[in-house]
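Chain by chain, the residues run as shown.
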Amino acid sequence: MAGPSVELSPVIAASTHWLSRAYPAGTPDTIAHTLSELQARQAVTVAAWLRYPTEMDAALVAIAGPGGSAVLDWRVGSEPEDENAEEEGWRTWVDEVVVSWAACLLADPMLARRGVDAVAAAVPFDEDRPRPYPRRTGGLPTEFRRLLNPDPRDREAAVLLRHPDLLEPIAEMHRDTLLYLLGAAREIAA
């Protein structure tokens, strides 16, 4: 893995926005919305880095586009009234597989840990490269703390976003591929 690419920024932003709208914060205040969106962004980022592991993969999705949110919208019953409206253009950058994998990570702490471990192992650790958050001892990036170790405020804010039953229609779409990718399929079969 060459490391995270800026080419994935539109996919990460749109997929996070879709999850945040489909599974809004538990309370209407701004802090809850922000905490819920941060958790969605962290899950989507891990999923996107797993789905597009090389700079070439990221460049190709930037050229071809990820496919859009139509199937996801239909699955959760959140289809826009006019999907061709100018303010709905962000939906074309939503990646169905990334959202499905992010839903899996949000609903299953063990899978989230495996996903972050896979990303941390694959992203080169460069001492000379400035990082917004330093890596902790053991190599796990602190960037994914809200995904891996949500505190009570995080859990309260993302009560819908982390509810396994509510996420199931989205998570089941591509869960098998994620389990295979992370080597978790063998453990479940055994």
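**Q** An account of the nonpolar core is needed here, citing residue identities and associated values.
**A** Judged by nonpolar contacts, the single largest core of 48 residues is most densely connected at Trp-18 and Leu-19. If you list the elements that add at least two residues to this core, you get α1 (9-22), α2 (30-51), α3 (55-64), α5 (96-107), α6 (109-122), α7 (145-148), α9 (164-171) and α10 (175-181). The element best represented in this core is α5, accounting for nine residues. Excluding its chain neighbours within four sequence positions, the residues that come into contact with Trp-18 are Tyr-23, Ser-69, Leu-72, Asp-73, Val-76, Ser-78, Trp-90, Arg-91, Val-94, Val-99 and Ile-170.

**Q** An account of the environment of Asp-176 is needed here, citing residue identities and associated values.
**A** Relative to the elements of secondary structure, Asp-176 occurs in helix α10. Residue class for Asp-176 comes out exposed when judged on its relative accessible area of 62%. Residues Asp-176 and Trp-101 lie 75 residues apart in sequence; the distance between their C-alpha atoms is 9.6 Å.

**Q** How would you sum up the packing of α2 against α6? Please name residues and give values.
**A** Contact geometry of α2 with α6 gives a least axis separation of 10 Å together with a crossing angle of 55°. On the basis of their axis angle, the class for α2 and α6 is oblique. Our pair here, α2 against α6, has a crossing hand that is left-handed. Contacts between α2 and α6 pair Val-46, Trp-49 and Leu-50 from the former with Gly-115, Val-116, Ala-118 and Val-119 from the latter. Counted by class, the contact of α2 with α6 contains six nonpolar, one polar and no charged residues.

**Q** Summarise the packing of α1 against α5; cite the residues concerned and give the values.
**A** The description of two packed helices rests on the angle between their axes and on the distance between the axes. Axis separation between α1 and α5 bottoms out at 10 Å; the angle between their running directions is 55°. Between α1 and α5, the interaxial angle falls into the category oblique. Judged by the twist between their axes, the crossing of α1 over α5 is right-handed. Two secondary-structure elements touch here, α1 through Ser-15, Trp-18 and Leu-19 and α5 through Val-98, Val-99, Ala-102 and Leu-106.

**Q** Any details on the pattern of salt bridges? Residues and values, ideally.
**A** Two side chains that carry opposite charge are able to pair once their charged atoms sit near each other. What the rule picks out here adds up to six salt bridges. A salt bridge links Glu-172 to Arg-75; the shortest N-O distance between them is 3.0 Å. Of this pair, Glu-172 sits in the loop between α9 and α10 while Arg-75 sits in helix α4 (residues 70-76), placing them 97 residues apart in sequence. Owing to a relative accessible area of 42%, Glu-172 belongs among the partly exposed residues under this scheme. Here the residues in one salt-bridge network are Arg-145, Arg-146 and Asp-154, joined through shared partners.

Scoring rules and cut-offs
- Residues numbered from 1 in each chain as written.
- Predicted model: local features only at pLDDT ≥ 70, side-chain atom pairs only at ≥ 80, totals over all residues.
- Heavy atoms only, no water.
- Core = buried A, V, L, I, M, F, W, Y, C linked by side-chain atoms within 4.5 Å.
- Buried < 20%, exposed > 50% of the residue type's maximum accessible area, 1.4 Å probe, protein only.
- Helix = DSSP H or I, 4+ residues; strand = E, 2+ residues; numbered from the N terminus.
- Contact = heavy atoms within 4.5 Å.
- Axes fitted to C-alpha atoms, helices over the stretch in contact; angles between N-to-C directions.
- Parallel < 35°, antiparallel > 145°, perpendicular 65-115°, else oblique.
- Left-handed = near helix turned anticlockwise from the far one by under 90°.
- Nonpolar A, V, L, I, M, F, W, Y, C, P; charged D, E, K, R; others polar.
- Salt bridge = Lys/Arg side-chain N within 4 Å of Asp/Glu carboxyl O.

Read these as geometric descriptors, not functional statements.
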